[in-house]
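Residue-level structural notes
Single-letter residue listing:
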Amino acid sequence: MNHQFKKMKMVAEKLITIESTVSSVSVLFIHSALFLVAHFLPSFPLLTLLSISAGVMLLVVGLGRACKKLLGVRGSAPAFVVINILYVWIVYLIVIRPGVSYKLDIVFNSELVILLLGLCRILSSDPGYVAYGYSNPEKLVADPLLDVETPLQESELASCETYKGCASNEKNGQESTLLQRIRFCRMCKVYVKGFDHHCPAFGNCIVAKSYTADKDVEKPSYSSTLAGSTMLFSLLQVLWQIVFLMWHLYCVCFNITTDEWINWKRYPEFQLVVQLQLGFDCSGQPASRTVFTNPYNHGILQNLKHFLKAKE
């Protein structure tokens, strides 16, 4: 038994080493590509550089995925994030720090330390795993968008009567499994209460409680080019994080998760059957259509109070 455990541990360590190496190579290629952009296009406006850099990053990432698929290897998303942070930190210490004031130096280094600590906490934390009834994979409905499955049957999706029954049970003090918002994550192979999405960057589940080219221009030095390419990378991260933050603020204000917003047709509590005044369906019954409704939305102020209370 002990020998088998050691063998499994060696295999796991080897796999982690391979994935981390692949992630390191990916980081090297991305930053090399951004370095070339900053080196050959130093006189371009910032917005143009950002657009070109974004396109180059997408191209490199796409080529990297194709190469990894061809070679049959995969990288580690958490390792990719950590190595990028360490790369930015090293460039700062070697190139940028000499020209930065003492106070800004303390602020920047403190932010990176907090970022790394927060990443470690996310990687090691339990987002809310629960033991849940369905163990038969045939009873799970696959979701190709977010690698999520839900234990809802097709018959449950036909009408909103299921939700009405759940609401009455909740009033009697018995919270339904539907209203507990338990979802199955195929990446982690577990049920998660309040599941929002699986974040590959953190390798963990995120829950609702957690959220003038013709001019002769002097060529810049390699150190300034390195600083410029790192700045472009950092600005791109900030821009998409702003979009990400705005989306999650929307989710908090309206008390809905990413999974529920995309896949509301899979969950009966988000479905409201509306009878149409005119027309009949193929079976001769009055025509109806299913529209979206959010039973968890109690107004922005109440939703914010619920979110802040849940974080306590």
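Residues numbered from 1 in each chain as written. Predicted model: local features only at pLDDT ≥ 70, side-chain atom pairs only at ≥ 80, totals over all residues. Heavy atoms only, no water.

Inspection of the sheet shows strand 4 (residues 182-185) paired to strand 5 (residues 190-193) by four bridges, in the antiparallel sense. Residue pairing in the sheet places Ile182 in a bridge with Lys193 of strand 5. (Pairing = 2+ DSSP bridges. Helix = DSSP H or I, 4+ residues; strand = E, 2+ residues; numbered from the N terminus.)

The subject of this paragraph is the packing of helix 2 (residues 46-71) against helix 6 (residues 222-253). One can describe the packing of helix 2 onto helix 6 by two numbers: an axis separation of 10 Å at closest approach and a directional angle of 85 degrees. The angle between helix 2 and helix 6 places the two elements in the roughly perpendicular class. Touching Leu46, Leu49, Leu50, Ser53, Ala54 and Met57 of helix 2 are Met231, Leu232, Phe233, Leu235, Leu236, Gln237 and Leu239, all from helix 6. Split by residue class, the contact of helix 2 with helix 6 holds 11 nonpolar, two polar and no charged. (Axes fitted to C-alpha atoms, helices over the stretch in contact; angles between N-to-C directions. Parallel < 35°, antiparallel > 145°, perpendicular 65-115°, else oblique. Contact = heavy atoms within 4.5 Å. Nonpolar A, V, L, I, M, F, W, Y, C, P; charged D, E, K, R; others polar.)

Taken as a whole, this structure holds two salt bridges when the rule is applied. Among the ionic pairs, Glu19 bridges to Arg74, the shortest N-O distance being 3.8 Å. Of this pair, Glu19 sits in helix 1 (residues 2-40) while Arg74 sits in the loop between helix 2 and helix 3 (77-96), and the two are 55 residues apart along the sequence. A salt bridge links Arg97 to Asp105, with the shortest nitrogen-to-oxygen separation between them at 3.2 Å. Judged by its relative accessible area of 9%, Asp105 falls in the buried class. (Salt bridge = Lys/Arg side-chain N within 4 Å of Asp/Glu carboxyl O. Buried < 20%, exposed > 50% of the residue type's maximum accessible area, 1.4 Å probe, protein only.)

Turning our eyes to something else, we now look at the side chain of Gln271. Its location among the elements puts Gln271 in strand 8 (residues 271-280). Judged by relative accessible area, Gln271 falls into the buried class, the value being 5%. A polar contact is formed between the side chain of Gln271 and the backbone oxygen of Lys265, at a distance of 2.6 Å. A polar side-chain atom of Gln271 sits 3.4 Å from the main-chain carbonyl oxygen of Tyr267. (Polar contact = N/O pair within 3.5 Å; in protein donor to acceptor, adjacent residues only side chain to side chain.)

So, about the packing of aromatic side chains. A ring pair, where both rings are aromatic, is described by two values, the distance of the centres and the angle of the planes. Per the counting criterion, the structure on display carries eight aromatic pairs. Ring centres 5.6 Å apart and planes at 80 degrees place the aromatic pair Trp264 and Phe292 in the edge-to-face group. A residue pair is termed long-range when its members are at least 10 positions apart, and Trp264 in the loop between helix 7 (258-262) and strand 8 and Phe292 in strand 9 (residues 286-292) qualify at 28 residues. A relative accessible area of 17% means that Trp264 is categorised as buried. Using a relative accessible area of 37% as the deciding quantity, one classes Phe292 as partly exposed. Among the aromatic residues, ring-to-ring pairing joins Trp247, Tyr250, Phe254 and Trp261 into one connected group. (Phe/Tyr/Trp six-rings, centres within 6.5 Å; stacked < 30°, edge-to-face > 60°.)

Okay, unusual backbone geometry next. Of note, Asn255 is a non-glycine position whose phi angle comes to about 50 degrees, a positive value. Among the structural elements, Asn255 can be located in the loop between helix 6 and helix 7. Note on Asn255: relative accessible area 13%, which makes it buried.

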